[in-house]
Amino acid sequence: MSKSTRVPGYMQSKGARNRGPLGDREIRYKCSMQNTILDVLRARPGWQEVSGEGDWDFHWCDREWLHANYDTMFLQEHQKILHFRNHYELTRKNLMVKNLKRLRKQTEREMGKKEAESFDFYPTTYELPSEYHIFVEEFKKNQGIIWIMKPAAKSQGRGIFLFRKLKDITDWKKGEYQPLTDPNREVPETYVVQRYIEDPYLIGGRKFDIRVYVLVVSYNPLKVWLYRSGFARFSNSRFSLDSIEDAYVHLTNVAVQKTAPDYDPDKGCKWATQQLRSYLTAKHGSDAARRVFQGIDNIIIKSLQSVQKIIINDKHCFEMYGYDVLLDDKLKPWLIEINASPSLTASGKDDYDLKHGVLNDVLNVLDLENRLTGKEKRVGGFDLIWDDGAVTTDDGAMECSVNSVSTTSNSFLGCHCDRKKHLREIYTAAQALKKSTPS
Ligand SMILES: Nc1ncnc2c1ncn2[C@@H]1O[C@H](COP(=O)(O)OP(=O)(O)O)[C@@H](O)[C@H]1O
Ligand SMILES: [Mg+2]
């Protein structure tokens, strides 16, 4: 599985490659991960792994490495690195909501209530312990509803639980927040408490959420690429509100579901986003399905705008986000969280192929080989949806084969994704253009 598929028509001759800032030499990369991304980098023609302190052009680093090194390193013109310095403004659950609330307020002030309603895609959320008292007031106003408690900076479902009564969290609160006499006790961990979506859209009686891949290559100006494919992650057990302590019913994380006693690794618990879009289209019609995916576009753009002025923009940095989106039974998409290090470990052959494709296309968009014109609106499975403003489709380019979409937005989440064919076409076109243009 470790071999990538070569895209015919590129990197064939030495003379045809690296006419960019790297000249005619190989691209040197470092990689902190041992999963699909390493396979992708190793199989990429013309790329060479460097170890230790060796000089590099491209670094797929982990967040810890970036935090430890970013402030003391000087990035040279040709270097590209994963993550922006303060990516946590969007990827920590408490900060994401804080930033969204701020932009929502500002929008209401400047553009009115109606416009601000376009931010109503995240469930009511409070940070704990700092907003505990406001939460209690809100709790009392809505007796009987279910809340979900989540550590702000953990992942894979760790530390999450649901509750209905304030008394249910008293013990937890004592353990976490009561001042202890022990002077060495660490500062209490930050949590978010969030309104639980009690009426998720179910398929076959099961809850799922959608993983969406988004590539940001610049925050100033904001430039955003959306990957056509992703997946819906299903829970293993039928949904019910009777057993709110059962993680297999309520948490759709693969890390949780794969530990279920009846989990079948061959069947897995995923559907490709294309399959989900087809299902929704067949069941509710193309307009309803289109609204779902337009709603997800809105979530992506608004959330990125909420941190646009806060993220330390650096032309050397890029981010590949994994969005978690949940649909309720009225088909309204809700933003659950945004990950800066979405899992790149594959749970099966289809999952491996998907992740391999996404990662290769991240490298294709970044184009360290300088094979593109820079004007492309689509590269493989990625469509450019925002480039300092909404990106519209080229005339007549209604490419979604699932239904006849009449959209003008260059967004094709869940649409057909023949990435290899498309890559062949754009590389051939770019090569022809470069040949015909005197340098
Ligand atoms: N407000 C919510 N309503 C319904 N389900 C939720 C809610 N928040 C989280 N979940 C479920 O719990 C899972 C894990 O929550 P998430 O916020 O993504 O934390 P983690 O970082 O641990 O993945 C989600 O994938 C979803 O299935
Ligand atoms: Mg998650």
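As the structure is a prediction and not an experimental result, all values here were calculated from the model.

S.K.: Summarise the overall build of the chain; cite the residues concerned and give the values.
M.R.: A tally of helices and strands in the chain yields 13 helices and 15 strands. Pairs at least 24 apart in sequence give 69% of the contacts found in the chain among residues at least 6 apart.

S.K.: Could you give me a rundown of the site of ligand 1, with the residues and numbers involved?
M.R.: Neighbouring ligand 1 are 20 residues; Ser155, Ile197, Leu251, Thr252 and Glu337 lie closest to it. Looking at the shell around ligand 1 residue by residue, the class counts come to 8 nonpolar, 6 polar and 6 charged. Taken domain by domain, the shell around ligand 1 gets at least three of its residues from each of domain 2 (124–195) and domain 3 (206–436).

S.K.: With reference to specific residues and values, describe the nonpolar core.
M.R.: Counting residues in each nonpolar core, the largest one holds 95 residues, and the members touching the most others are Val214, Leu215, Val216, Val224, Leu226 and Ile300. If you tally residues by element for this core, the top one is strand β9 (residues 208–219), at 9 residues. In this structure isoleucine 300 touches Val214, Val224, Leu226 and Tyr323, once residues within four positions along its chain are discounted.

S.K.: Residues and numbers for the packing of helix α4 (residues 93–111) against helix α11 (residues 286–306), please.
M.R.: Contact geometry of α4 with α11 gives a least axis separation of 8 Å together with a crossing angle of 95°. By the angle between their axes, α4 is roughly perpendicular relative to α11. Counted together, Asn99, Leu100, Arg102 and Leu103 of α4 and Ser303, Gln305 and Ser306 of α11 form the full contact between these two elements. Residue composition of the contact of α4 with α11, grouped by class: 2 nonpolar, 4 polar and 1 charged.

S.K.: Describe unusual backbone geometry, and please don't skip the residues or the numbers.
M.R.: Omega for the bond connecting leucine 128 with proline 129 falls within 30 degrees of zero, at 10°, which places this linkage in the cis form. Inspection of the secondary structure puts proline 129 in the loop between β5 (125–128) and α6 (132–141). Positive phi outside glycine occurs at glutamine 156, with the angle close to 60°. By the secondary structure assignment, glutamine 156 is in the loop between β6 (147–151) and β7 (161–163). The exposure class of glutamine 156 is partly exposed, given the 13 C-beta atoms found within 10 Å. One non-glycine residue, leucine 331, adopts positive backbone phi at about 70°. When you line up the elements, leucine 331 lands in the loop between β12 (317–327) and β13 (333–339).

Reading guide: rules and limits
Residues numbered from 1 in each chain as written. Chains lettered and ligands numbered in written order. Predicted model: local features only at pLDDT ≥ 70, side-chain atom pairs only at ≥ 80, totals over all residues. Helix = DSSP H or I, 4+ residues; strand = E, 2+ residues; numbered from the N terminus. Contact = placed C-beta atoms within 7 Å. Near = placed C-beta within 6 Å. Nonpolar A, V, L, I, M, F, W, Y, C, P; charged D, E, K, R; others polar. Domains from an automatic or database assignment. Core = buried A, V, L, I, M, F, W, Y, C linked by C-beta atoms within 7 Å. Buried ≥ 20, exposed ≤ 12 C-beta atoms within 10 Å, placed from the backbone. Axes fitted to C-alpha atoms, helices over the stretch in contact; angles between N-to-C directions. Parallel < 35°, antiparallel > 145°, perpendicular 65-115°, else oblique.

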